[in-house]
Amino acid sequence: MKKIIIAIDGYSACGKSTTAKVVANILNYSYIDTGAMYRAVTLYFLENFISLTNPHEVEDALREIDIEFRHNEKAGRSDTYLNGLNVEHKIRQMTVSENVSEVSAISAVRKFLVAQQQKMGKKKGIVMDGRDIGTVVFPEAEVKIFMTADMMIRAKRRQDELLEKGEMVKLEDILDNLKKRDLIDTSRSDSPLRQAENAQVVDTTYITFEEQVEMIIHLVSEKVI
Ligand code: DC
C-alpha cells in the first residue's frame, strides 16, 4: 500500500504524541517526536551553560549534538538519545519544559533540526508530531492534523503524565508553563505554530482517545486508496 506522511501539529499537551504513536503502530509507520529533539537540544544547552543570546556559542554547541531515537523493547517505545546517552526521562522534566520554547525560537536550532526531520521522512511511512510539521517540515504531507484542547484539560493531562513519572508539579505551575509556551510557540518569528491551510482540526476536549485515532485513520484511508 502507498506510504504517506502524516503531520500532527498543535499546542503542548493536547495528546499529540500519544495519538501519533498509536496511529503509527496501527499503520506500521515510524513515529517521530520532534518535540523530543528540541528538548534534547535544550538539555544540552542547559547542561553546558550555553548562552542563548550568543550565536557563535549556539552554532558551536549544535555541532557537538547528535540526537537519535532507539527502540526500547522493554518499555515498548522509542527513547531519545543525546550523544549516545538515553535522555528520555531528563528531557521531560520541568527544567527542560521551562526553557524549551526559548531554545526552539532560535533559527539556527530550527534549521539544524528541520534538516534532520526532513531526512527522516524521505522514505515516507511516518507520523511526525510537532508545531511546524505541516507548515514547514513537510508542507506536502498528505494528511495534516491540527490538534487543540481546552487549557485546563491539557494542564491536568500533563500533571498526570508527570505524576506517573514521579514528578509532582502544582497545577498552577503547569498552567503557567503551558500559557507561556503557547505564547512563545505562536508568536516567534521563525516557523510559529499555526494551523496549515489544509489541516484538519481535531479538538480533543470532548472526544475519546479512540475517536481521535479513528478520525486520523479515516483521513489516512481516504489518501492511500
Ligand atoms: O511537543 P513538546 O511539548 O514536547 O515540544 C516541546 C517544545 O518544542 C515546544 O514548546 C515547542 C518546541 N517545538 C517546536 O518549536 N517545533 C516542533 N516541531 C516541535 C516542538
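All figures in this text were calculated on a predicted structure; none of them were measured in a lab.

1. Observations concerning the pattern of salt bridges
Then comes step 1: Evaluated as defined, the whole model comprises 12 salt bridges.
Then comes step 2: The partner of D79 in a salt bridge is R77, and the shortest N-O contact between them spans 2.5 Å.
Then comes step 3: Using a relative accessible area of 35% as the deciding quantity, one classes R77 as partly exposed.
Then comes step 4: For R92, the salt bridge identified is with E88, shortest N-O distance 2.9 Å.

2. Quick word on the pairing of strand β3 (residues 67-72)
Then comes step 1: In this structure, β3 lies alongside strand β4 (residues 77-82), joined through 6 bridges in antiparallel fashion. Looking at β4, one finds that R70 is bridged to D79.
Then comes step 2: Turn length for the β3-β4 hairpin, with the two strands adjacent in sequence and antiparallel, is 4 residues, and the turn residue G76 shows positive phi of about 65°.

3. A closer look at the environment of T80
Then comes step 1: Its location among the elements puts T80 in strand β4.
Then comes step 2: Take T80: its relative accessible area is 0%, and that puts it in the buried class.
Then comes step 3: Placed 49 residues apart in sequence, T80 and Y31 show a C-alpha to C-alpha distance of 12 Å.
Then comes step 4: The contact partners of T80, leaving out residues within four places of it in the chain, are A36, A40, I67, E68, F69, L85, N86, V87, E88, I91 and R92.
Then comes step 5: Of the polar contacts made by the side chain of T80, one reaches the side chain of E88; its length is 2.8 Å.

4. Some details on the layout of surface pockets
Then comes step 1: By volume, the largest pocket is sized at about 1200 Å³.
Then comes step 2: Along its surface, the largest pocket is lined by 50 residues, and S17, K21, Y31, D33 and R92 are the ones closest to its centre.
Then comes step 3: With 7 residues, helix α1 (residues 16-27) is the single largest residue contributor to the lining of the largest pocket.
Then comes step 4: Taken together, the residues of the lining of the largest pocket sort by class into 13 nonpolar, 18 polar and 19 charged.
Then comes step 5: Looking at the second largest pocket, its volume works out to about 170 Å³.
Then comes step 6: Along the walls of the second largest pocket sit M94, S97, E98, S101, E102, D173, D176, N177, K180, R181 and I184, which together make up its complete lining.
Then comes step 7: Contributions of two or more residues to the lining of the second largest pocket are made by α4 (94-104) and α8 (171-187).

Procedures and definitions
- Residues numbered from 1 in each chain as written.
- Predicted model: local features only at pLDDT ≥ 70, side-chain atom pairs only at ≥ 80, totals over all residues.
- Heavy atoms only, no water.
- Salt bridge = Lys/Arg side-chain N within 4 Å of Asp/Glu carboxyl O.
- Buried < 20%, exposed > 50% of the residue type's maximum accessible area, 1.4 Å probe, protein only.
- Pairing = 2+ DSSP bridges.
- Helix = DSSP H or I, 4+ residues; strand = E, 2+ residues; numbered from the N terminus.
- Contact = heavy atoms within 4.5 Å.
- Polar contact = N/O pair within 3.5 Å; in protein donor to acceptor, adjacent residues only side chain to side chain.
- 1 Å grid on protein atoms, 1.4 Å probe; cavity = no way out; pocket = protein on both sides within 12 Å on 5 of 7 lines; lining within 4 Å.
- Points joined across faces, edges and corners; volume = space filled by probe spheres on them.
- Nonpolar A, V, L, I, M, F, W, Y, C, P; charged D, E, K, R; others polar.

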